[in-house]
Amino acid sequence: MNAALRDFRMIWRAAAAQREAQTVRIMGLGLGAVGICAAIFTASAAAMGTLGTVQGLRLLIGFTSLALVLVWSFLFVPGSIRMNSPANAWLLPRQRRRMLQMTTAYWLLVTACLGFGIGHWIAVPAVALSVLGLALLCAGNKHVVILLVLGGNWPWLSRVVLPPAWGDAATGGGAALVLAVLVVPVAVWSLRWLYPARGDAYIARRADQIRRVSHFDQCGADKQPAPDGVAWHGNLAFYLVALRCNLRRADPGAMLLHALGPSAHWTAWIGGLVTLLIIGGAIRLVLVWTHAAGVQSLVGWMMSVGPAMLALTIAFSTAQYGQQLRRTQGEQALLRLTPLAGDAALLNRRLAGRVLRQALGCWAALTVAMLAVSLLIDAGPDALLRQLGLCCLAGQVAMMGLLGDYASGTGGWHLMLGLRAAALAAAQAVVAVGIGWISGTTAWPWLVALPLIVCVVLLRLDWQRMLAAPPAFPAGRLA
């Protein structure tokens, strides 16, 4: 038993060591976002007086399990895939068996905990398959994404596409029973696909698999990301127009942002905003054409859960600035050698002003788009106020990772900042609930005002710290 535990510990450390420090920073941001969701749901349930002991325990276990899913899928799985190479299969014969044991134990534990957190055991088969699907996705399986999208949208797709009687059967106990029967063989196949035995077939697929796994890595200075797809090329067309305009103006502030690449430019959000509005319009058409009770109840469920999920988009909206600053040191150094960089003494002021203006603009645009979608699906005043409160809280969190001392490598998101952001969001939720209880109102109006006040204070402090720091370009040179 001690030997097995020692093997498990060594494998975990080795898998985590395969990932770059930037990935750990992003994981800290993800855990902070999970903590923010937990704080928001806890505060809203406490404000409505519906949070009992069992419900609180379920909430705690559910969000803890979700955090474990994030860490395991995005940190451990890609690293362990690299470790399970054909060479290591010969040199470390126990490694594959230990990985299979670790992943099986993780899958059983997380499935049981998430099922308990949800509170409906009929959802356990779907949860079990979803956990496996996410691990396969992070391991480079190029087909599982289709099944995840279909499975995640099946509750409403089945009611829209299928006749009413079939739609009820496709989402009821019979469908859950079919999934329960499929869980065991799917789990066996998934584990064997994650960690196959050595052989010619595995060697043939490994190069393509590693390439796909690399999409989940944070690129270093010598490995630039290469986004592709229709949406990306659509955004890139807008970016090129903005670049040509800024080149004609020769504005140093604008050129500083272009050194970070298209991913950190405001045009990168155009496709997402358009997609969000299209989804809202599609839901509106479904509501107009279909008056089934199942569709109406599904929309009601979306209005209760969807705002928190959409608010996470705002919370992550500033993560790309820190990432791109760390990835593009070469471009930043070249820009410093040209007249387009402007006076070095004004570099931080210009960069901070441009980044802040762009981030605040994206925050406002995303908030307006989310409120517009809520209006399209007939959200009431209470739902709109709840959405606005969550957007304000998420935006305040996003601004915490925006300004800083990038020359010394301390700017942008990291683990401790993610934990501080989660703690601050929880504190604001508690204060909003307390003020609402004292004043006899709901917590949501206060959750609109408090984050805006806190955001102004924190941005003022971060602004002063960034202006007092050495020039940000090239980032990390003093680390």
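Residues numbered from 1 in each chain as written. Predicted model: local features only at pLDDT ≥ 70, side-chain atom pairs only at ≥ 80, totals over all residues. Heavy atoms only, no water.

**Q** Would you take a moment to explain the overall build of the chain for this structure?
**A** In terms of regular secondary structure, the chain is built from 20 helices and zero strands. Relative to its full complement of 479 residues, the chain shows a buried share of 44%. The long-range share in the chain, meaning contacts at least 24 apart out of those at least 6 apart in sequence, stands at 79%. A total of about 23400 Å² of accessible surface is found on the chain, and carbon and sulfur atoms cover 72% of it. (Helix = DSSP H or I, 4+ residues; strand = E, 2+ residues; numbered from the N terminus. Buried < 20%, exposed > 50% of the residue type's maximum accessible area, 1.4 Å probe, protein only. Contact = heavy atoms within 4.5 Å. Areas by Shrake-Rupley, 256 points an atom, 1.4 Å probe, with all protein chains shown as cover.)

**Q** Looking at this structure, I do not really get a nonpolar patch on the surface. What am I missing?
**A** A cluster of nonpolar side chains, contributed by Trp90, Leu91 and Leu92, occupies part of the molecular surface with about 400 Å² of accessible area. For leucine 91, the location among the structural elements is in helix H4 (residues 86-91). The class of leucine 91 is exposed, set by a relative accessible area of 65%. (Patch = residues over 30% accessible without salt bridge, like charges linked within 9 Å, V, L, I, M, F, W, Y side chains within 5 Å. Salt bridge = Lys/Arg side-chain N within 4 Å of Asp/Glu carboxyl O.)

**Q** Would you explain the packing of helix H19 (residues 415-439) against helix H20 (residues 444-468) in this entry?
**A** Relative placement of two packed helices is described by the angle separating their axes and the distance separating the axes. Relative to each other, H19 and H20 sit at 135°, their axes nearing to 9 Å. Between H19 and H20, the angle falls in the class oblique. Crossing of H19 against H20: the hand is right-handed. Between H19 and H20, the contacting residues are Leu424, Gln428, Ala429, Val431, Ala432, Ile435, Gly436 and Ser439 on the first element and Trp446, Leu447, Leu450, Pro451, Val454 and Leu458 on the second. Split by residue class, the contact of H19 with H20 holds eleven nonpolar, three polar and no charged. (Axes fitted to C-alpha atoms, helices over the stretch in contact; angles between N-to-C directions. Parallel < 35°, antiparallel > 145°, perpendicular 65-115°, else oblique. Left-handed = near helix turned anticlockwise from the far one by under 90°. Nonpolar A, V, L, I, M, F, W, Y, C, P; charged D, E, K, R; others polar.)

**Q** Help me understand unusual backbone geometry in this model?
**A** As a rule of thumb, non-glycine residues mostly have phi less than zero, and peptide bonds are mostly trans rather than cis. Going from phenylalanine 473 to proline 474, the amide bond is cis rather than trans, its omega being -15°. Here proline 474 lies in the segment after H20.

**Q** Explanation requested: the pattern of salt bridges in the structure shown.
**A** A side chain of one charge can pair with a side chain of the opposite charge if their charged atoms are brought near each other. Using the criterion set out here, one finds three salt bridges in the structure. With a shortest N-O distance of 3.1 Å, aspartate 7 and arginine 98 are connected by a salt bridge. Of this pair, aspartate 7 sits in helix H1 (residues 2-17) while arginine 98 sits in helix H5 (residues 95-118), placing them 91 residues apart in sequence. In this pair, the class of aspartate 7 matches that of arginine 98, namely buried. For arginine 465, the salt bridge goes to aspartate 462, with nearest N and O atoms at 3.0 Å.

**Q** Help me understand the nonpolar core in this model?
**A** Nonpolar side chains tend toward joint burial in soluble globular proteins. Formed by 55 residues in total, the largest nonpolar core has its most connected members in Ile314, Leu351, Met399, Leu402, Leu403, Trp413 and Phe473. Every element with two or more residues in this core is listed here: helix H12 (252-258), helix H14 (293-315), helix H15 (319-327), helix H17 (347-376), helix H18 (381-399), H19 and H20. It is H17 that provides the largest number of residues to this core, a total of twelve residues. Not counting the four nearest positions on each side in its chain, isoleucine 314 is found in contact with Trp363, Leu366, Thr367, Met370, Cys391, Ala394, Gly395 and Ala398. The next biggest cluster of nonpolar side chains, apart from the first, holds 31 residues, and it includes Phe76, Ala128, Cys138 and Ala139. (Core = buried A, V, L, I, M, F, W, Y, C linked by side-chain atoms within 4.5 Å.)

**Q** Help me out: how do you make sense of the packing of H17 against H18 in this one?
**A** At a closest axis distance of 10 Å, the pairing of H17 and H18 adopts a crossing angle of 160°. Considering their axes alone, H17 and H18 lie roughly antiparallel with respect to each other. Both H17 and H18 take part in a crossing whose hand is right-handed. Of the residues in H18, those in contact with Ala359, Leu360, Trp363, Thr367, Met370, Leu371, Ser374 and Leu375 of H17 are Leu384, Gln387, Leu388, Cys391, Cys392, Gly395, Gln396 and Met399.

**Q** Explanation requested: the packing of aromatic side chains in the structure shown.
**A** The geometry of an aromatic ring pair comes down to the distance between the two centres and the angle between the two planes. Counted under the stated rule, the structure contains four aromatic pairs. Residues tryptophan 12 and tryptophan 72 carry aromatic rings whose centres are separated by 5.9 Å and whose planes lie at 35° to one another, so their mutual orientation is tilted. Taken together, the residues span a long stretch of sequence, with tryptophan 12 in helix H1 and tryptophan 72 in helix H3 (residues 53-83) at a distance of 60 residues. Their ring planes at 10° and their centres at 5.4 Å tell us that tryptophan 12 and phenylalanine 76 sit as a pair that is stacked. Linking tryptophan 12 in helix H1 with phenylalanine 76 in helix H3, this pair joins segments that are 64 residues apart in sequence. (Phe/Tyr/Trp six-rings, centres within 6.5 Å; stacked < 30°, edge-to-face > 60°.)

**Q** I would appreciate a short explanation of the side chain of glutamine 320 in the present structure.
**A** As for its position among the elements, glutamine 320 is in helix H15. In terms of polar contacts, glutamine 320 uses its side chain to reach the backbone carbonyl oxygen of serine 317, at 2.9 Å. If sequence neighbours within four positions are ignored, glutamine 320 has contacts with Ser263, Ala264 and Trp269. (Polar contact = N/O pair within 3.5 Å; in protein donor to acceptor, adjacent residues only side chain to side chain.)

**Q** Whenever I open this one, helix H6 (residues 124-138) confuses me. Can you help?
**A** Since one α-helical turn is 3.6 residues long, residues separated by three or four positions face the same way. The end-to-end C-alpha distance of H6 is 21 Å, a good match for the 21 Å that 15 residues give at a rise of 1.5 Å each. Every buried residue of H6 is listed here: Val124, Pro125, Val127, Ala128, Val131, Leu132, Gly133, Ala135, Leu136 and Cys138. Downstream of H6 by a residue or two, glycine 140 has a phi angle that is positive, lying close to 95°. (Expected span 1.5 Å × (residues − 1).)

**Q** What is the right way to read H15 from this model?
**A** The buried count for H15 comes to nine of nine residues, which makes it a mostly enclosed element. Ala319, Gln320, Tyr321, Gly322, Gln323, Gln324, Leu325, Arg326 and Arg327 are the residues of H15 that are buried.

**Q** Help me understand the environment of leucine 5, please; the structure alone is not making it clear to me.
**A** Secondary-structure assignment places leucine 5 in helix H1. Taking C-alpha positions, leucine 5 is 9.6 Å from arginine 98, a pair spaced 93 residues apart along the chain.

**Q** It is not clear to me how the side chain of histidine 258 should be interpreted in this structure. Could you clarify?
**A** Within the fold, histidine 258 resides in helix H12. Among the residues examined, histidine 258 registers a relative accessible area of 9% and is labelled buried.

**Q** Could you clarify how one ought to interpret the confidence of the model for the chain in this entry?
**A** Parts of the model with low pLDDT should not have their predicted coordinates read in detail. Counting all residues, the mean pLDDT for the chain is 77, and 75% of those residues have values of 70 or more. When mean pLDDT is compared element by element in the chain, H20 scores highest at 92, while helix H2 (residues 21-48) scores lowest at 61. With pLDDT under 50 throughout, residues 218-233 is counted as low confidence; its partners more than four residues away or in other chains account for 21 contacts. (pLDDT = per-residue confidence, 0-100.)

**Q** What is the right way to read the environment of phenylalanine 63 from this model?
**A** Residue position: phenylalanine 63 is located in helix H3. In the structure, phenylalanine 63 is positioned 50 residues away from cysteine 113 in sequence and 9.4 Å away in space, judged by C-alpha atoms.

**Q** Looking at this model, I keep getting lost on the environment of threonine 367. Mind explaining?
**A** With respect to the helices and strands, the residue threonine 367 is situated in helix H17. Of the residues examined, threonine 367 reaches a relative accessible area of 9% and is grouped as buried. Sequence-wise, threonine 367 and isoleucine 314 are 53 residues apart; in three dimensions their C-alpha atoms are separated by 8.0 Å. In this structure threonine 367 touches Ile314, Leu388 and Cys391, once residues within four positions along its chain are discounted. Reaching out from threonine 367, the side chain makes a polar contact with the backbone oxygen of tryptophan 363 at a distance of 2.8 Å.

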